[in-house]
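Structural features, examined
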Amino acid sequence: MAYWLMKSEPDVYGIDHLAAEPDGTEHWDGIRNYQVRNMFRDQFQPGDQAFFYHSNTKVPGIVGIMEVVSEAYPDHTAFDPDEKYYDPKSDPEKPRWLMVDVRYVRHLDRIIPLSELKADPALSEMRLVQRGNRLSVMPVSESEWDHILEMEQRDTSDNG
DNA sequence: GCCAACGTTGGC
DNA sequence: GCCAACGTTGGC
């Protein structure tokens, strides 16, 4: 089983949107990056776990956990001219872009902000905290995953 | 809103 | 195949 981190802007589609879906399940569409497409195609498996990360917001950070519940399949939004991420070069006969289904698992007990992830030496190898990283989906190692779940339980109050 | 960093496109 | 121009991402 693999671990992932997947970014979304909460104003567009946040973890509360996913939690409110029927069965907490929705497809993760709109990916138009080849590295991510290849990860979907070659590495994503049902049962994989993923952090839900809120980007482009006041406090960017990890807010919850979801589970991958499908293998990769064609992203149909690429075929629809009315869609924001329409790509005329993606042929339905030979789809260029893929998506996976994910299911809401839970919110974290607290948001773990990017600033805290960046400050933690144990996470210095994460793509997320490295300069100029622009991937919206990236792998997380098992040790990083476990470490972040330990951070979740950490008391961050000043005199706690 | 700014802008650094990066991926993609397309002329040559 | 090179690389400048352009568009996008996303933290700040």
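Predicted model, so just to flag it, every value in this text is computed and none were measured.

What to know about unusual backbone geometry
The backbone of D23 sits at a positive phi, close to 60°, despite the residue not being glycine. Looking at D23, the relative accessible area reads 60%, which means it is exposed. Unusually for a residue other than glycine, N56 sits at a positive phi of about 55°. With respect to the helices and strands, N56 occurs in the loop between β3 (49–54) and β4 (61–68). The exposure class of N56 is exposed, given its relative accessible area of 61%.

Here's the deal with the layout of surface pockets
Of the voids in this model, the largest pocket is the one considered here, and its volume is about 760 Å³. Taken together, 22 residues make up the lining of the largest pocket; nearest its centre are K7, S8, D29, G30 and Y85. Where the lining of the largest pocket is concerned, the elements lending two or more residues are β1 (3–8), α1 (10–13) and β2 (25–28). Per-element accounting of the lining of the largest pocket gives the leading share, three residues, to β2. In terms of residue class, the lining of the largest pocket is made up of seven nonpolar, seven polar and eight charged.

Description of the pairing of strand β6 (residues 98–113)
Judged from the four bridges that link them, β2 and β6 form a sheet pairing that is antiparallel. Bridging across to β6, E26 finds its partner in V102. Both β4 and β6 contribute to a ladder of seven bridges, which runs antiparallel. For E67, the partnering residue across the bridge sits in β6 and is R103. Across two bridges, the pairing between strand β5 (residues 73–74) and β6 is antiparallel. By the bridge assignment, P74 is partnered in β6 with L98.

Thresholds applied
- Residues numbered from 1 in each chain as written.
- Chains lettered and ligands numbered in written order.
- Predicted model: local features only at pLDDT ≥ 70, side-chain atom pairs only at ≥ 80, totals over all residues.
- Heavy atoms only, no water.
- Buried < 20%, exposed > 50% of the residue type's maximum accessible area, 1.4 Å probe, protein only.
- Helix = DSSP H or I, 4+ residues; strand = E, 2+ residues; numbered from the N terminus.
- 1 Å grid on protein atoms, 1.4 Å probe; cavity = no way out; pocket = protein on both sides within 12 Å on 5 of 7 lines; lining within 4 Å.
- Points joined across faces, edges and corners; volume = space filled by probe spheres on them.
- Nonpolar A, V, L, I, M, F, W, Y, C, P; charged D, E, K, R; others polar.
- Pairing = 2+ DSSP bridges.

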